[in-house]
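Chains, contacts and geometry: an overview
The lines below spell out each chain.
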Amino acid sequence: MGERRQRFEGWIAGVGTDSGTRLVLGHWERSPFGAFSDVMVEGADGRRTLLAPTGEVAAHVAATYRFEDVRVVPVRVSVDGAEWRVTAGSLALEFAVGRRPLLGTLLRAVPVRLARRPAWAALLDGPARLLPGVRTRGSAGGGRREWYGAHDLRRITSARATWQDRELGRLTPVEPPVSFGFGSTPRRPALVRVTTTVETERRK
């Protein structure tokens, strides 16, 4: 057996809501599965649901993260300036992004080729832990390892969501942290541009 690495490049948005439901959108512009988006939902009761656009994507994500429910549904994302709109089965999410904080400016100053490297993500794991729930490397499901290389960060300033015909309430911090994998999103709702590297075992 050997190892192989898969790279996913795009955006991750983390949103908390007044109902206690937390949402994590992955909007991937480049990946081994082409361009796609998926949503992870964690309810106030801790139940975790994956909304994925194809069975292939669902199988890959479910082998890497933990869910009680996996649903294959159309996932559509539209972006109009600062406004994002997401539909995924019985989920509808709209959010707006604002200006970059200092951290976003610092992340943009790092050359993208460097920020993509797992070794760079590993180096930043210590400082990243100063942000509650945030990790940049760790062990994922199925014996996989993961690295998150962030290139940009913008605050999410407003959001509105419905899930299973229920309004989720106003935008709040992502608290408690989501528990799909080894790390969460920033506590303060944010949209992060990221390169995710997943290392899996290659069977001969």
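Turning next to the overall build of the protein. Check the secondary structure of the protein and you find 4 helices and 13 strands. Relative to its full complement of 204 residues, the protein shows a buried share of 48%. Sequence-distant contacts in the protein: of pairs separated by 6 or more residues, those separated by 24 or more amount to 60%.

Going through the model one piece at a time under the given rule, you end up with 13 salt bridges. A salt bridge links Glu 199 to Arg 5, with the nearest nitrogen and oxygen atoms 2.9 Å apart. Of the two residues, Glu 199 is situated in strand β13 (residues 190–202) and Arg 5 in strand β1 (residues 2–17); the sequence distance between them amounts to 194 residues. The class for Arg 5 is partly exposed, based on a relative accessible area of 49%. Connected through shared salt-bridge partners, Arg 5, Arg 145 and Glu 199 make up one network.

In this structure, Tyr 65 sits in the loop between α1 (55–64) and β5 (69–72). Through-space distance from the C-alpha of Tyr 65 to that of Ser 179 is 8.8 Å; in sequence the pair is 114 residues apart. Contacts of Tyr 65, omitting those with residues within four sequence positions, involve Met 40, Glu 146, Tyr 148, Phe 180 and Gly 181. A distance of 2.7 Å separates a polar atom in the side chain of Tyr 65 from a polar atom in the side chain of Tyr 148.

Let us look at the nonpolar core. Among the nonpolar cores identified, the biggest contains 22 residues, and Leu 23, Val 39, Leu 51 and Phe 95 are the most heavily contacted of them. The set of elements that each furnish at least two residues to this core consists of β1, β2 (22–30), β3 (36–42), β7 (83–88), β8 (91–97) and β10 (145–163). One finds Val 61, Tyr 148, Val 178 and Phe 180 within the second-largest nonpolar core, a separate group that totals 20 residues.

Our next topic: a nonpolar patch on the surface. Residues Leu 102, Leu 103 and Leu 106 make up a contiguous nonpolar surface patch of about 300 Å² in total accessible area. You can see Leu 106 is positioned in helix α2 (residues 102–109).

Turning our eyes to something else, we now look at unusual backbone geometry. Note the cis peptide between Glu 175 and Pro 176, where omega equals 0°. Relative to the assigned elements, Pro 176 resides in the loop between β12 (171–172) and β13. Within the chain, Gln 164 stands out as a residue other than glycine whose phi angle is a positive 55°. Backbone geometry at Asp 165 places phi at a positive 65°, although glycine is not the residue there. Structurally, Asp 165 can be placed in the loop between β10 and β11 (166–167). You can call Asp 165 exposed: its relative accessible area is 83%.

Counted by the stated rule, this structure contains 7 aromatic pairs. For the pair Phe 8 and Trp 28, a centre-to-centre distance of 6.0 Å together with 70° between the ring planes defines the contact as edge-to-face. Of the two residues, Phe 8 is situated in strand β1 and Trp 28 in strand β2; the sequence distance between them amounts to 20 residues. Its relative accessible area of 9% is what places Trp 28 among the buried residues. Judged by centre distance (6.3 Å) and plane angle (80°), the rings of Phe 33 and Phe 36 are edge-to-face. Site record: aromatic cluster; members linked through ring pairs are Phe 8, Trp 28, Phe 33 and Phe 36.

Here is what the cut-offs are and how they apply
- Within each chain, residue numbers correspond to sequence positions counted from 1 in written order.
- The predicted nature of this model means local features are confined to residues of pLDDT at least 70 and side-chain atom pairs, given and counted, to a pLDDT of 80 or more, with totals for whole chains, interfaces and linings taken over all residues.
- Side-chain metrics rest on all non-hydrogen atoms present in the structure, leaving aside hydrogens and water.
- Numbering goes from the N terminus for both helices and strands, where a helix is a DSSP run of H or I of at least four residues and a strand is a run of E of at least two.
- When accessible area is computed with a 1.4 Å probe and restricted to protein chains, residues below 20% of their type maximum are described as buried, those above 50% as exposed, and intermediate ones as partly exposed.
- Every residue pair with non-hydrogen atoms within 4.5 Å of one another is taken to be in contact.
- Whenever Lys or Arg places a side-chain nitrogen within 4 Å of a carboxyl oxygen from Asp or Glu, that contact is recorded as a salt bridge.
- The definition of a polar contact used here is a pair of N or O atoms within 3.5 Å, where within protein one atom must be able to donate a hydrogen and the other to accept one, and adjacent residues in sequence count solely through side-chain atom pairs.
- Here, the term nonpolar core denotes a set of buried Ala, Val, Leu, Ile, Met, Phe, Trp, Tyr and Cys residues that are joined through side-chain atoms within 4.5 Å.
- Every patch collects residues that have over 30% relative accessible area and no salt bridge, joining them within 9 Å if they carry like charges and within 5 Å if they are nonpolar side chains (Val, Leu, Ile, Met, Phe, Trp, Tyr).
- What sets the accessible areas is the Shrake-Rupley method with a 1.4 Å probe; for residues, cover comes only from the shown protein chains.
- Aromatic pairs are defined between Phe, Tyr and Trp rings, using the six-membered ring for Trp, whenever the two ring centres lie within 6.5 Å; interplanar angles under 30 degrees are classed as stacked, those over 60 as edge-to-face, and all others as tilted.

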